[in-house]
Amino acid sequence: MSQTNETPSNERTGPTDSVYEEYILGVRIVERTAGTDPVYRFEAPHHEGIEFDDADTATLYADVYFDVNGFQEAGTGERGVPPEIIQAGRDTLVAYFMTQPYVDVEWVASYYGEKPEKVQRYVNRVRKRAKKIREGAAEQGMT
């Protein structure tokens, strides 16, 4: 009797992608569901893309992206920070750090010698600026 490598039809549940958040200028967050835990992929033109375990971190990454008018992580090394982010100031750098897998609020607060509440204020500033940037661009017809 011969055997095949076919998967029974009830086990053919591959990953599904759906747009979680759509921004202007071709930037978006795509939710990929494969198994039990979804992942969120940041996508933008001229950006290699990056995946996150939660939507909040992915949208923060998008906010940092808009705050500095885009950046590319390729070539910065595993522990490097894109120059656009470093030049943007402390609040943007803090927000960027918060998107990294090895970092949390307590780590950033300790690194800067600040309280976690101040770290969250930095993040909120970046989110507000990014929202204003997107709104302004949309008003000028950039989609």
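Residues numbered from 1 in each chain as written. Predicted model: local features only at pLDDT ≥ 70, side-chain atom pairs only at ≥ 80, totals over all residues. Heavy atoms only, no water.

Undergrad: Can you tell me about a nonpolar patch on the surface, naming the residues and giving the values?
TA: A cluster of nonpolar side chains, contributed by Tyr102, Trp107 and Tyr111, occupies part of the molecular surface with about 350 Å² of accessible area. Relative to the elements of secondary structure, tryptophan 107 occurs in helix 4 (residues 105-112). (Patch = residues over 30% accessible without salt bridge, like charges linked within 9 Å, V, L, I, M, F, W, Y side chains within 5 Å. Areas by Shrake-Rupley, 256 points an atom, 1.4 Å probe, with all protein chains shown as cover. Salt bridge = Lys/Arg side-chain N within 4 Å of Asp/Glu carboxyl O. Helix = DSSP H or I, 4+ residues; strand = E, 2+ residues; numbered from the N terminus.)

Undergrad: If you had to explain the packing of aromatic side chains to someone new, which residues and values would you point to?
TA: Across all of its chains, the model carries 14 aromatic pairs by this definition. Between phenylalanine 97 and tryptophan 107, the aromatic rings sit 5.7 Å apart at their centres with planes inclined by 85°, giving edge-to-face as the arrangement. Of this pair, phenylalanine 97 sits in helix 3 (residues 90-97) while tryptophan 107 sits in helix 4, placing them 10 residues apart in sequence. The class for tryptophan 107 is partly exposed, based on a relative accessible area of 33%. For the ring pair tryptophan 107 and tyrosine 111, a centre distance of 5.2 Å and an interplane angle of 10° mean the geometry is stacked. Of this pair, tryptophan 107 and tyrosine 111 both sit in helix 4, 4 residues apart, which is roughly one turn of the helix. Here the aromatic residues Tyr23, Phe42, Phe52, Tyr61, Tyr65, Phe66, Phe71 and Tyr96 are joined through ring pairs into a cluster of three or more. (Phe/Tyr/Trp six-rings, centres within 6.5 Å; stacked < 30°, edge-to-face > 60°. Buried < 20%, exposed > 50% of the residue type's maximum accessible area, 1.4 Å probe, protein only.)

Undergrad: Pulling in residues and values, what's your account of the sheet that holds strand 1 (residues 16-22)?
TA: Strand order across the open sheet formed by 4 strands is 1-2-3-4, with antiparallel pairing between neighbours. Looking along the sheet, the strands with just one partner apiece sit at the ends: strand 1 and strand 4 (50-52). When the angles between neighbouring strand axes are averaged without regard to direction, this sheet yields 30°. Here strand 3 (residues 39-43) runs beside strand 4; their pairing, made up of 3 bridges, is antiparallel. (Pairing = 2+ DSSP bridges. Axes fitted to C-alpha atoms, helices over the stretch in contact; angles between N-to-C directions.)

Undergrad: Residue-level account of the pairing of strand 1, with values.
TA: The sheet contact formed by strand 1 and strand 2 (residues 28-33) spans 6 bridges and is antiparallel. By the bridge assignment, valine 19 is partnered in strand 2 with valine 30. Adjacent in sequence and paired antiparallel, strand 1 and strand 2 are bridged by 5 residues, among which leucine 25 carries a positive phi angle near 60°.

Undergrad: I'd like to hear about the environment of glutamine 100, residue by residue, with values.
TA: Positionally, glutamine 100 belongs in the loop between helix 3 and helix 4. Along the backbone, glutamine 100 and phenylalanine 52 are 48 residues apart, and their C-alpha atoms lie at a distance of 8.9 Å. One polar contact links glutamine 100 to threonine 99, side chain to side chain, over a distance of 3.1 Å. (Polar contact = N/O pair within 3.5 Å; in protein donor to acceptor, adjacent residues only side chain to side chain.)

Undergrad: Tell me about the pattern of salt bridges, residues and numbers included.
TA: Taken as a whole and assessed by the stated rule, the structure comprises 10 salt bridges. For aspartate 63, the salt bridge identified is with arginine 127, shortest N-O distance 2.8 Å. Remark: arginine 127 occurs in helix 5 (residues 116-139) and aspartate 63 occurs in helix 1 (residues 55-67); sequence separation between them is 64 residues. Aspartate 63 is paired through a salt bridge with arginine 134; the nearest N and O atoms lie 2.9 Å apart. Residue aspartate 63 is located in helix 1, and its partner arginine 134 is located in helix 5; the two are separated by 71 residues in the primary sequence. Among the charged side chains, a salt-bridge network with shared partners connects Asp56, Asp63, Arg127 and Arg134.

Remember, this is a structural readout, not a statement about activity or role.
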